[in-house]
Structures are given as structure tokens and as C-alpha cells.
Amino acid sequence: VMAEEAKKLAACAAVDNHIQNNQVVGVGSGSTIVYAVDRLAERVRQEKLNIVCVPTSFQARQLILQHGLSLSDLDRHPDLDVAIDGADEVDDSLTLIKGGGGCLTQEKIVAGCAKHFIVIADYRKDSKVLGQQWKKGVPVEVVPMAYVPVSRAITRRFGGEAVLRMAVSKAGPVVTDNSNFILDWKFEQAQNWKEVNTAVKMIPGVVETGLFVGMAEKVYFGMEDGSVKVRD
Ligand code: DER
């Protein structure tokens, strides 16, 4: 099957296996999650489920509203039963690269508030080692005034290069939902991602990294042959 169909397979498997009545659900960002929200809305309607959704971006908020799902936030629901989100790449110890869509900060906050963090992805994200398939590097959200010193600190410490993400449909850099910039750190070789994540977060001006270490409980991969593979 094509990648889009594989995304849908993963999304439906995750929603069908992890959503039940009376839950608070974290809704991720990106393109795969759209299939999950479609399926969630269908189940809410068919099974008359009482579900409350917490978004991870303006995009997720729009998805929730467009599907007539109940919108909430972490002020009212700081304890989530489950969060479902996509990933740019997954390695064999469930470390994720996220942030391809620029929403990594709220995604990581929401994922961290959920009892269960479930990831959905097509087969192109299924790697043994980060960097095997995803070539755009690790996104790092930074305070705009600091992007040059942060970029230099990352390169000095860990090699590679950290490039300011420029917008396509707007002049200048991408501005996140939190009014920050994003650096895409193109690393040269696999690292101890737990150490890298901690060290990069300590650099003054860094808001968040797209390295999700030890957070994902289970990953559903939609495969090319139409099957769904689970890694946990
Ligand atoms: O930007 C993000 O973190 C997205 O969730 C990304 O990791 C997955 O986006 P996709 O489902 O469009 O591939």
C-alpha cells in the first residue's frame, strides 16, 4: 500500500486499541494524526463515547473543532489517559525524532502528561538507528534572539550543523505556535540520545528538542504489505 494508506492503518489500529469511554485524549500534530482524528470522531459518534481532546498545536485544535470533538486544555485536564501522535522517525529503542511539522514543544508537553503515549507512523519512519531514513535532522525549538549562539553551541558540542528553518509560505523563518524559531540539527552520527537531549536542553535559549527519549509506550507502523506492526 502507499504511505498514506499505511498511515491510516496505523492510525485506526491505535485508536481502536487505545480509546475507550470517558477518556481525556491528547491529539498530536502532522498528517498521520488526521486519520486518527477521523477514526476517533467516527467512534465517538457511533459508540456515543464521552471523550475530551487536548491539542498539541493550532493544527490539532482545528482538527478537534472541525470534527465536532470536545476541546479542552491542560488547565482543565492536566492528567491525560492517552496521547496519540506521529513521528518523523523511530529507532529500535522507541526513541523518536519529532518536530518535522514544527509542533514538538506542545507535543512533548502533552505526551508527558499522558498515562500512555502511543505513536502512529507509516513504514518510512521505521528505523533501527535515527538518521537512517529521516535526513532533515533533529528539530530544536529556540527563543528567536538566541538562535545563532544556540546553533554554534550545538555544532561545537555535537558536530554537524544546526540550520534555521525558513518558512515557505511566509518570508523569513518558520515561527512556531509558541512564537519561537526552529533549528534543524543535521547530526553526523548516531549519539547517546538521552545525553544529547539533556545537554541540548541545557543550552540557554533552547525551549525543547525533537528527541523523545523513553516516552513512547508503543508504536504502530502501517506497513507496505497492508499489515500493522507494533513495536513496544
Ligand atoms: O512534527 C511532528 O512532530 C509530527 O508529529 C511528525 O513527527 C509526524 O508528522 P507526519 O505524521 O506528518 O509524518
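The name given to the chain in an unreviewed UniProt entry is Ribose-5-phosphate isomerase, with the source organism recorded as Silurus meridionalis. If you open the UniProt record of the chain and go to Pathway (unreviewed entry), you find "Carbohydrate degradation; pentose phosphate pathway; D-ribose 5-phosphate from D-ribulose 5-phosphate (non-oxidative stage): step 1/1."

Participant: Go over empty space enclosed by the protein, please, and point to the residues and values.
Facilitator: Gaps between atoms show up when a probe of the same size as a water molecule is rolled over them. Tallying each qualifying case throughout the model produces two cavities of 30 Å³ or more. Computed from the structure, the largest cavity encloses a volume of approximately 50 Å³. The wall of the largest cavity is formed by Val15, Ile19, Val25, Val27, Ile33, Ala36, Val37, Leu40 and Ile84. With four residues, helix 2 (residues 32–47) is the largest single contributor of residues to the lining of the largest cavity. Here the second largest cavity is characterised by a volume of approximately 30 Å³.

Participant: Explain the site of the ligand residue by residue, including any values.
Facilitator: Surrounding the ligand, one finds 15 residues, the nearest of these being Ser31, Thr32, Gly101, Glu107 and Lys125. For the ligand, an oxygen atom lies 3.3 Å from a polar atom in the backbone of Asp88. Bound to the protein, the ligand loses 91% of the 350 Å² it would expose on its own. The pocket occupied by the ligand, as judged from atoms lying within 2 Å of grid points, is the largest pocket. Of the residues in the shell around the ligand, the class split is one nonpolar, nine polar and five charged.

Participant: Give me the pattern of salt bridges: which residues, what numbers.
Facilitator: Within this structure, the stated rule accounts for 15 salt bridges. Residues Arg39 and Glu42 are paired through a salt bridge, measuring 2.6 Å at the closest nitrogen-oxygen approach. Of this pair, Arg39 and Glu42 both sit in helix 2, three residues apart, which is roughly one turn of that helix. One salt bridge connects Lys108 with Glu208, and the closest N-O pair in it is separated by 2.7 Å. With Lys108 in helix 4 (residues 104–113) and Glu208 in strand 11 (residues 206–209), the pair connects residues that are 100 residues apart, well separated along the chain. Overall, the relative accessible area of 7% leaves Glu208 in the buried class. Connected through shared salt-bridge partners, Asp16, Arg39 and Glu42 make up one network.

Participant: Give me the sheet that holds strand 3 (residues 70–71): which residues, what numbers.
Facilitator: Strand order in the open sheet made by the seven strands is 3-2-1-4-7-13-14, with mixed pairing throughout. For this open sheet the edge positions go to strand 3 and strand 14 (228–231), each flanked by a neighbour on one side alone. Pairing between strand 7 (residues 114–122) and strand 13 (residues 218–222): five bridges, direction parallel. Counted as the bridge partner of Val119 is Val219 from strand 13. Its contacts with the sheet put helix 4 on strand 1 (23–27), strand 2 (51–55), strand 4 (80–85) and strand 7, and the angle it makes with strand 7 is roughly 130 degrees.

Participant: Please set out the packing of aromatic side chains residue by residue, giving values where relevant.
Facilitator: In total, this model carries six aromatic pairs according to the counting rule given. Measuring from centroid to centroid gives 5.8 Å for Tyr147 and Phe181, while their planes differ by 65 degrees, and the two rings are edge-to-face. In this pair, Tyr147 sits in helix 5 (residues 147–158) while Phe181 sits in strand 10 (residues 181–186), placing the two residues 34 residues apart along the sequence. Among the residues examined, Tyr147 registers a relative accessible area of 29% and is labelled partly exposed. Counting every residue linked through ring pairs, the aromatic cluster contains Phe158, Trp185, Phe187 and Trp193. Just above the ring of Phe212 sits the side chain of Lys98; from NZ or CZ to the centre is 5.6 Å. A cation sits over an aromatic face here: Lys108 above Phe212, 5.3 Å from the ring centre.

Participant: Break down unusual backbone geometry for me, with residues and values.
Facilitator: Here Lys48, not a glycine, exhibits a phi torsion of approximately 50 degrees, which is positive. Residue class for Lys48 comes out exposed when judged on its relative accessible area of 69%. The backbone of Leu94 shows a phi angle near 65 degrees, a positive value even though the residue is not glycine. Within the element layout of this structure, Leu94 appears in the loop between strand 5 (89–90) and strand 6 (96–97).

Parameters and conventions
- Along each chain, residues carry numbers from 1 onward, in the same order as the chain's sequence is written.
- The predicted nature of this model means local features are confined to residues of pLDDT at least 70 and side-chain atom pairs, given and counted, to a pLDDT of 80 or more, with totals for whole chains, interfaces and linings taken over all residues.
- Computation of side-chain values covers all heavy atoms of the structure but excludes hydrogens and water.
- UniProt positions are given in the numbering used here, feature names are shortened, and annotations may be inferred rather than shown by experiment.
- For cavity detection a 1 Å grid was placed over the protein atoms alone, and a set of points counts as a cavity when a 1.4 Å probe fits there but cannot get out; an open set counts as a pocket when protein lies on both sides within 12 Å along at least five of seven lines, with lining residues being those that have an atom within 4 Å of a point.
- Grid points are joined across faces, edges and corners, and a volume is the space filled by probe spheres set on the points.
- Secondary structure elements follow DSSP: runs of H or I no shorter than four residues count as helices, runs of E no shorter than two count as strands, and numbering proceeds from the N terminus.
- Proximity criterion: a residue is near a molecule or strand once any of its heavy atoms comes within 4 Å of it.
- Polar contact is the term for a pair of N or O atoms within 3.5 Å; when the atoms are in protein, one must be able to donate a hydrogen and the other to accept it, and sequence-neighboring residues count only if both atoms are side-chain atoms.
- Here the accessible surface of atoms and residues is derived via Shrake-Rupley with a 1.4 Å probe, and residues count as covered only by protein chains that are part of the display.
- What decides whether a molecule sits in a cavity or pocket is whether more than half of its atoms lie within 2 Å of the grid points.
- Charged residues are taken to be Asp, Glu, Lys and Arg, nonpolar residues to be Ala, Val, Leu, Ile, Met, Phe, Trp, Tyr, Cys and Pro, and polar residues to be all remaining types, Gly included.
- When a carboxyl oxygen of Asp or Glu lies within 4 Å of a side-chain nitrogen of Lys or Arg, that pair is called a salt bridge.
- Classification of residues uses two cut-offs on accessible area relative to the type maximum, computed with a 1.4 Å probe and protein chains only: under 20% is buried, over 50% is exposed, and between them is partly exposed.
- Two strands form a pair only when DSSP identifies at least two bridges running between them.
- Only heavy atoms enter the contact rule, under which two residues are in contact if any of them lie within 4.5 Å.
- Where helices are involved, their axes are fitted lines through C-alpha atoms of the stretch in contact, as for all axes, and angles between N-to-C directions lie from 0 to 180°.
- To pair, rings of Phe, Tyr and Trp, with the six-membered ring standing in for Trp, must have centres within 6.5 Å; the planes then decide the type, stacked if under 30 degrees apart, edge-to-face if over 60, and tilted in the middle.
- Criterion for a charge above a ring: Arg CZ or Lys NZ at most 6 Å from the ring centre, at most 35 degrees from the ring normal.

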